[in-house]
Amino acid sequence: MTTTVITNIGSLVTNDPALGNGPLGLIQDAAVVVDGETVAWVGPAATAPAADASFDAQGRALIPGFVDSHSHLLFAGDRTQEFNARMSGRAYSAGGIRTTVAATRAATDAELEAGLVRHLDEARRQGTTTFETKSGYGLTVEDEARALRIAAAHTDEVTYLGAHIVSPDYAEDPAGYVDLVTGPMLDACAPYARWVDVFCEKGAFDGDQARAILTAGAARGLVPRVHANQLTYGPGVQLAVELEAASADHCTHLTDADVDALASSGGRTVATLLPGAEFSTRAQWPDARRLLDAGVTVALSTDCNPGSSYTSSMPFCIALAVRDMHMTPDEALWAATAGGARALRRTDVGAVTPGARADLALLDAPSHVHLAYRPGVPLVSAVWQRGVRAH
């Protein structure tokens, strides 16, 4: 198997304090040896072992590939007019998620797959190498199952989100829709998914409905995740911790008891913050500082979706987290890499350590701090995914 040494790395983020300085395990003037799909060696460039091939980083920074642990990439249609109205202060009465549901149902498999691949490629060019994506825009047995089948062909991290909203077909029978989601729809979707998710929020699913959906999914071997406390205070975070969900996502409106619950989970339930949603809706920012100071494990993700966060850029979300959520640049990068890996319960991604998957992003900058220091600038100049240079 061919080995490659990436040398002359000005600043290497390993996310392993045993390998370098601080929580990011920083090594200056570093090298990384890639053997096939994995990292074989990490250390000072002066002591790097020989390899079959070499790549000169020219003093630039190398970081782990971003781990985007929350996105909605299986959809069709466009909601530009909705965004334009919201940003222009005008009332807009179109159907929100229901607009996307109608377009997604009408799309062919090929159209849905082409959209997914386009968004994955777009994110990869910006340094993302691990992707989670959800269903949730079909809301019928057939449409949810085909979304997950298509997603599973392109990523290992696939989430069943039949409980995104109550299907328009069941507007007068929410209980009947819960029965569908926990019965025939779950049966059709479980073979393609690793995770089960629910939008636990006023106007979507209440605590009892969310519990029924998550426990039904868990009984089929799916691990819970929860859209929790995005729009208002509610039971989502407490339910996530109680059911040992991998993550409680959004976490915008939190009581002290919610923060304590997340902290007491010992990192079992990660608080995944999604600043793209607040940016795109002019909503209240999550208080990342409060969570971090309480000892909560925090992840950052894009929430890429056509309605409330149409960005695939993890660097952009890092810049927002530093500027508006009061994270340090180090904390934000860790949350976008190692934090995302924790939210997906992965130990093979999110770090540059021997034995980890060789997912790497080279920045056209001397330090990872430039991700927040130079917002909007396309700093990712090369990406390796499973040891293969992708961009």
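Residues numbered from 1 in each chain as written. Predicted model: local features only at pLDDT ≥ 70, side-chain atom pairs only at ≥ 80, totals over all residues. Heavy atoms only, no water.

Colleague: Would you mind going over the overall build of the protein in detail, with residue names and values included?
Modeller: The helix and strand inventory of the protein stands at 14 helices and 17 strands. Taking 2.2 N^0.38 as the reference for a compact globule, 391 residues should give roughly 21 Å; the C-alpha atoms of the protein span a radius of gyration of 21 Å, in line with that estimate. Its C-alpha atoms put the protein at 70 × 45 × 45 Å along the principal axes. The long-range share in the protein, meaning contacts at least 24 apart out of those at least 6 apart in sequence, stands at 70%. Here the protein displays about 14900 Å² of accessible surface, and carbon together with sulfur accounts for 51% of that area. Within the protein, the 45 negative side-chain charges are centred at a point lying 3 Å from the centre of the 29 positive side-chain charges. (Helix = DSSP H or I, 4+ residues; strand = E, 2+ residues; numbered from the N terminus. Rg over C-alpha atoms; globule rule 2.2 N^0.38 Å. Contact = heavy atoms within 4.5 Å. Areas by Shrake-Rupley, 256 points an atom, 1.4 Å probe, with all protein chains shown as cover. Lys, Arg positive; Asp, Glu negative; His and termini not counted. Charge placed at Lys NZ, Arg CZ, Asp CG, Glu CD.)

Colleague: Could you give me a rundown of the layout of surface pockets, with the residues and numbers involved?
Modeller: Within this model, the largest pocket holds a volume of roughly 580 Å³. Surrounding the largest pocket, 30 residues form its lining, R79, I97, Q230, L231 and S308 being those nearest its centre. Tallied by class, the residues present in the lining of the largest pocket amount to seven nonpolar, 15 polar and eight charged. When its volume is computed, the second largest pocket comes out at roughly 300 Å³. As for the second largest pocket, its lining consists of 16 residues, of which A338, A341, R342, R346 and T347 are closest to the centre. Of the residues in the lining of the second largest pocket, the class split is six nonpolar, six polar and four charged. (1 Å grid on protein atoms, 1.4 Å probe; cavity = no way out; pocket = protein on both sides within 12 Å on 5 of 7 lines; lining within 4 Å. Points joined across faces, edges and corners; volume = space filled by probe spheres on them. Nonpolar A, V, L, I, M, F, W, Y, C, P; charged D, E, K, R; others polar.)

Colleague: Talk me through the nonpolar core; I want residue IDs and the actual numbers.
Modeller: Across soluble globular proteins, you tend to see nonpolar side chains buried next to one another. If you look at the biggest cluster of nonpolar residues, it comprises 87 residues, and the most contacted ones within it are Y160, F205, L262, L291, L300 and M327. No other element matches the five residues that helix α4 (residues 141–152) contributes to this core. Residues in contact with L291, not counting those within four places in the same chain, are L254, V259, L262, A271, L273, V296 and V298. If you look at the next biggest cluster of nonpolar residues, it comprises 18 residues, including I9, V32, F55 and L360. (Core = buried A, V, L, I, M, F, W, Y, C linked by side-chain atoms within 4.5 Å. Buried < 20%, exposed > 50% of the residue type's maximum accessible area, 1.4 Å probe, protein only.)

Colleague: Describe the state of the cysteines, and please don't skip the residues or the numbers.
Modeller: Evaluation of the coordinates by the stated rule reveals zero disulfides. You can see C200 has no disulfide; the closest cysteine sulfur is in C251, sitting 12 Å from it. (Disulfide = S-S within 2.5 Å.)

Colleague: An account of helix α2 (residues 97–106) is needed here, citing residue identities and associated values.
Modeller: Of all the positions in α2, only I97, T100, V101 and T104 are classed as buried. Each buried residue of α2 sits inside an arc of 105° when the element is viewed along its axis, so together they form one side. On its buried face, α2 sits against α3 (109–125) and α4. (Arc of directions from axis to C-beta.)

Colleague: Requested: an account of the pattern of salt bridges, with residues and values cited.
Modeller: For the structure shown, the criterion picks out 21 salt bridges. Each of D109, D143, R146 and R149 takes part in a single network of salt bridges with overlapping partners. (Salt bridge = Lys/Arg side-chain N within 4 Å of Asp/Glu carboxyl O.)

Colleague: Lay out the packing of aromatic side chains in plain terms, naming residues and giving numbers.
Modeller: For the structure shown, the criterion picks out six aromatic pairs. Taking 5.1 Å as the distance between ring centres and 90° as the angle between the ring planes, the aromatic pair formed by F55 and W384 counts as edge-to-face. Separated by 329 residues along the polypeptide, F55 in strand β4 (residues 53–56) and W384 in strand β16 (residues 380–385) bring together distant segments of the chain. Using a relative accessible area of 17% as the deciding quantity, one classes F55 as buried. Considering the side-chain rings of F75 and Y137, the 6.3 Å spacing of their centres and the 75° angle between planes classify their relative orientation as edge-to-face. Residue F75 is located in the loop between β6 (66–68) and α1 (80–88), and its partner Y137 is located in the loop between β7 (128–134) and α4; the two are separated by 62 residues in the primary sequence. Residue class for F75 comes out buried when judged on its relative accessible area of 7%. Given a relative accessible area of 2%, Y137 falls into the buried group. An aromatic cluster is present here, built from F75, Y137 and Y310 joined pairwise through their rings. (Phe/Tyr/Trp six-rings, centres within 6.5 Å; stacked < 30°, edge-to-face > 60°.)

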